[in-house]
Amino acid sequence: MSAAAGVIDDYLRDPGGTVSAAAEHVVDWFYAHWLTTVPAVAAGVAVFVGVRVWWRRDCRHRLHDNARTVTILPPPTVDPAGGVALWAHLVGLLRPRWKRLLAGQPHLAFEYVFSHDGVSLRLWVPGVIPPGLVERAVEAAWPGAHTHSGPAEPPLPTVESEGHRVVVGGELRLARGDALPIRTDFDTDPIRALIAAPVGLGRREYACVQVCARPVTGRRLARARTGSRFQKQADCGQL
């Protein structure tokens with residue numbers, strides 16, 4: 001009988017005793033070798049953290065290099081169904097799993113930039129996304145829309161060397177899990193409140209609302225489907 005088969009046989013006969021004996025064996029081994037084990041574990045953790053920090057920084061640099069800003073000029077009338085079409089086109093930005101592990105998953109940033117002159121709608125596009133892909137997706141989703149691309153610039157204008165700026169910001173997150181759907185049908189356009197909020201800005205006052213989005217990966221999609229199925233079962237139980 002092999003050693004593995006013997007361990008399995010002991011576990012089936014006495015699970016609690018086998019687990020306790022294995023834990024005692026691990027503790028005894030650790031006390032006997034702690035002078036070499038602790039530095040090795042600490043070095044391994046430090047290397048892992050360092051590699052992860054370098055990887056995230058490298059992915060961030062890849063996204064910012066050659067990034068561009070796409071300004072959207074909407075048509076006189078906008079079909080709400082165009083939003084669904086746009087998201088369907090942008091699903092093609094999802095990278096394979098191996099490529100996400102090596103270089104990360106690029107995202108887009110929808111920007112509503114408000115100033116004294118009005119509001120502009122822009123898209124921040126990473127440099128790793130081929131030129132023209134997002135522009136064609138926008139024009140296909142809303143026939144009559146036009147786009148203008150240029151090098152990425154900060155959403156807020158820079159301050160003169162002798163001036164100063166007071167900046168106030170915040171971040172909005174979903175209050176519940178992302179497995180739950182977001183409401184999309186409204187009696188009135190919900191963007192009206194957003195557009196009307198900065199009315200009355202001065203000549204040197206600016207505001208920007210950014211919505212960062214990227215395609216959902218297979219793992220999160222599976223988790224969302226599982227959560228949706230459990231939610232349906234709970235709703236059926238309440239009925």
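This report concerns the structure included in the present document. (Residues numbered from 1 in each chain as written. Predicted model: local features only at pLDDT ≥ 70, side-chain atom pairs only at ≥ 80, totals over all residues. Heavy atoms only, no water.)

### Overview of the pattern of salt bridges
Following the criterion strictly, the structure yields two salt bridges and no others. In this structure, R68 and E135 form a salt bridge, with 3.1 Å as the shortest nitrogen-oxygen distance. Highlighted residues: R68 in strand β1 (residues 68-73) and E135 in helix α5 (residues 133-141), separated in sequence by 67 residues. Using a relative accessible area of 9% as the deciding quantity, one classes R68 as buried. For E111, the salt bridge identified is with R122, shortest N-O distance 3.1 Å. A residue pair is termed long-range when its members are at least 10 positions apart, and E111 in strand β2 (residues 108-115) and R122 in strand β3 (residues 118-125) qualify at 11 residues. Judged on exposure class, the residue E111 and its partner R122 are both buried. (Salt bridge = Lys/Arg side-chain N within 4 Å of Asp/Glu carboxyl O. Helix = DSSP H or I, 4+ residues; strand = E, 2+ residues; numbered from the N terminus. Buried < 20%, exposed > 50% of the residue type's maximum accessible area, 1.4 Å probe, protein only.)

### Some thoughts on the nonpolar core
Membership of the largest hydrophobic core comes to 17 residues, with the highest contact counts inside it found for L86, L90, L108, L123, V125, V134 and V138. Those elements that place two or more of their residues in this core are β1, α3 (81-90), β2, β3 and α5. If one sorts the elements of this core by residue count, α5 sits on top with four residues. Here V125 is in contact with A67, R68, V70, L108 and V134, once residues within four sequence places are set aside. (Core = buried A, V, L, I, M, F, W, Y, C linked by side-chain atoms within 4.5 Å. Contact = heavy atoms within 4.5 Å.)

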